[in-house]
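Here is what each chain is made of, one letter per residue.
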Amino acid sequence: MHKVLLTLFFAVGFSSALSQILLLRELHCVCSGNEIFLGAALASWLFWTGLGSMFPGMKRLPAALSKVRAFMVENASVLLPGALAVSGMLLIGGIFLTRISVVLSGFRQGEMIGILPMFVLTAVLLAPAAFLSGLTFGLGSVLRPSATPLYVSEMLGFCLGGIVYTFISAGRLGAFESAFLLSAINVTAATTFLFFNRFKRLVTACLCFLLLTVVSIHSGAPGYLSRKAAAIQWKGHEVLAEKDTPIQRITLVKTGSIFSAYSNGKISFSWPDREG
């Protein structure tokens, strides 16, 4: 049980790193990434992660939340892998909502948003993923009060997640493709924890899920979500091409007879130049 729990927390760290990177890249395009945005994003992530990790141990809570906390503590061994499995699905939804958040907030694509809307959007959009990331650690602490090994295992997974994204995923996989693959990894890790002593059931569950993930990716689910988000995000424009590079997202759109290139959601240049 001890080794399996540490392996699960390695997966938690790996998932947390990739989730944080993918969501911050999306928010970077929305909030015109600068020092203020970075401060707001890191503050929001740390706040929600800390709140999530503290929740299972909180004593003074309203009656309704106290019952929820008690239920979580009593069922930590099931809810912990469940939270990890759900985190990948939340990431997919978070990426979609982040891409269309500018339109939903009443701003136009390419418009510089103010400091207050930036703080609000960042806090709201990061809340589900960050809170769940912290909650997994809180539930793990219930199962193993000595938190040091959990910290170390999660830290190693977090480091590996950053390495994998930097040298493998960045520029090769889109955000939705990365999120779908991460969801597959998370569910596999969660299944391992739940059925670690039932090898045949574990293998069957993992193979079935991975098969479904491969089918969903090749059926175009990530591409469909990306196109759907772009249709909402770039309403009034025709999106001709969109490409994620290791350092930015480049989007080519057509408005009437004008072609425009955007970098991280901000216009770089347009042609033909009628005034040139």
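It should be noted that the structure appears before, not after, this text.
None of the values given here were measured: they were computed from a predicted structure.

Turning next to the layout of surface pockets. Empty space among the atoms can be located by rolling a probe the size of a water molecule over them. Put simply, the largest pocket is a space of about 400 Å³. Going through the elements one at a time, helix 7 (175-194), helix 9 (221-233) and strand 1 (238-244) are the ones with two or more residues in the lining of the largest pocket. Per-element accounting of the lining of the largest pocket gives the leading share, five residues, to helix 9. Broken down by class, the residue content of the lining of the largest pocket amounts to seven nonpolar, three polar and eight charged. Of all elements in the fold, only helix 1 (2-30), helix 2 (35-54), helix 5 (115-143) and helix 6 (148-169) reach the threshold of two or more residues within the lining of the second largest pocket. Among the residues making up the lining of the second largest pocket, the classes are represented as six nonpolar, seven polar and one charged.

Taking 1.5 Å as the rise per residue, helix 7 with 20 residues should run 28 Å; its terminal C-alpha atoms sit 29 Å apart, in good agreement. Judged by how many residues are buried, helix 7 sits mostly within the fold: 15 of 20 residues are covered.

Now for a nonpolar patch on the surface. A grouping of Phe10, Tyr151, Val152, Met155, Leu156, Leu160, Ile163, Phe167 and Ile168 is seen on the molecular surface, where their side chains present a nonpolar patch of about 880 Å² in accessible area. A per-element tally of the nonpolar patch places helix 6 first, with eight residues.

With that settled, consider the side chain of Thr245. Tracing the backbone through its elements, the reader meets Thr245 in the loop between strand 1 and strand 2 (249-255). When residues no more than four places from it in sequence are discounted, the contact partners of Thr245 are Arg25, Gly171 and Ile250.

Turning next to empty space enclosed by the protein. According to the stated counting rule, one finds two cavities of 30 Å³ or more in the structure shown. The calculated volume of the largest cavity comes to roughly 100 Å³. In terms of lining residues, the largest cavity is bounded by Val12, Ser15, Ser16, Ser19, Ala83, Leu84, Ser87, Ala129, Leu132, Ser133 and Thr136. When residues of the lining of the largest cavity are traced back to their parent elements, those giving at least two are helix 1, helix 4 (76-104) and helix 5. In the lining of the largest cavity, the residues fall into five nonpolar, six polar and no charged. Within this model, the second largest cavity holds a volume of roughly 40 Å³. Taken together, Cys29, Gln233, Trp234, Glu242, Arg249, Thr251, Asn264 and Gly265 make up the lining of the second largest cavity. When grouped by side-chain class, the residues that make up the lining of the second largest cavity number two nonpolar, four polar and two charged.

Quick look at helix 6 now. Three or four residues apart is the spacing at which side chains of an α-helix point the same way, because the helix has 3.6 residues per turn. With 22 residues, helix 6 should cover 32 Å at 1.5 Å per step; its first-to-last C-alpha distance of 30 Å lies within 8% of that length. Of all the positions in helix 6, only Leu150, Ser153, Glu154, Gly157, Gly161, Gly162, Tyr165 and Ser169 are classed as buried. On its buried face, helix 6 is in contact with helix 1, helix 5 and helix 7. Note on helix 6: the residue one or two positions beyond its end, Gly171, has a positive phi of about 85°.

Looking down a regular strand, the side chains alternate between one sheet face and the other. Alignment of strand 1 against strand 2, held across six bridges, turns out to be antiparallel. Paired with Asp244 across the two strands is Arg249, which belongs to strand 2. Direction of pairing for strand 2 relative to strand 3 (residues 258-263): antiparallel, over a ladder of six bridges. When the bridges of strand 3 are listed, Val253 appears paired with Ser260. Between strand 2 and the antiparallel strand that follows it, strand 3, lie two residues; Gly256 among them carries a positive phi value of about 65°.

Cut-offs used in this document
- Residues numbered from 1 in each chain as written.
- Predicted model: local features only at pLDDT ≥ 70, side-chain atom pairs only at ≥ 80, totals over all residues.
- Heavy atoms only, no water.
- 1 Å grid on protein atoms, 1.4 Å probe; cavity = no way out; pocket = protein on both sides within 12 Å on 5 of 7 lines; lining within 4 Å.
- Points joined across faces, edges and corners; volume = space filled by probe spheres on them.
- Helix = DSSP H or I, 4+ residues; strand = E, 2+ residues; numbered from the N terminus.
- Nonpolar A, V, L, I, M, F, W, Y, C, P; charged D, E, K, R; others polar.
- Expected span 1.5 Å × (residues − 1).
- Buried < 20%, exposed > 50% of the residue type's maximum accessible area, 1.4 Å probe, protein only.
- Patch = residues over 30% accessible without salt bridge, like charges linked within 9 Å, V, L, I, M, F, W, Y side chains within 5 Å.
- Areas by Shrake-Rupley, 256 points an atom, 1.4 Å probe, with all protein chains shown as cover.
- Salt bridge = Lys/Arg side-chain N within 4 Å of Asp/Glu carboxyl O.
- Contact = heavy atoms within 4.5 Å.
- Pairing = 2+ DSSP bridges.

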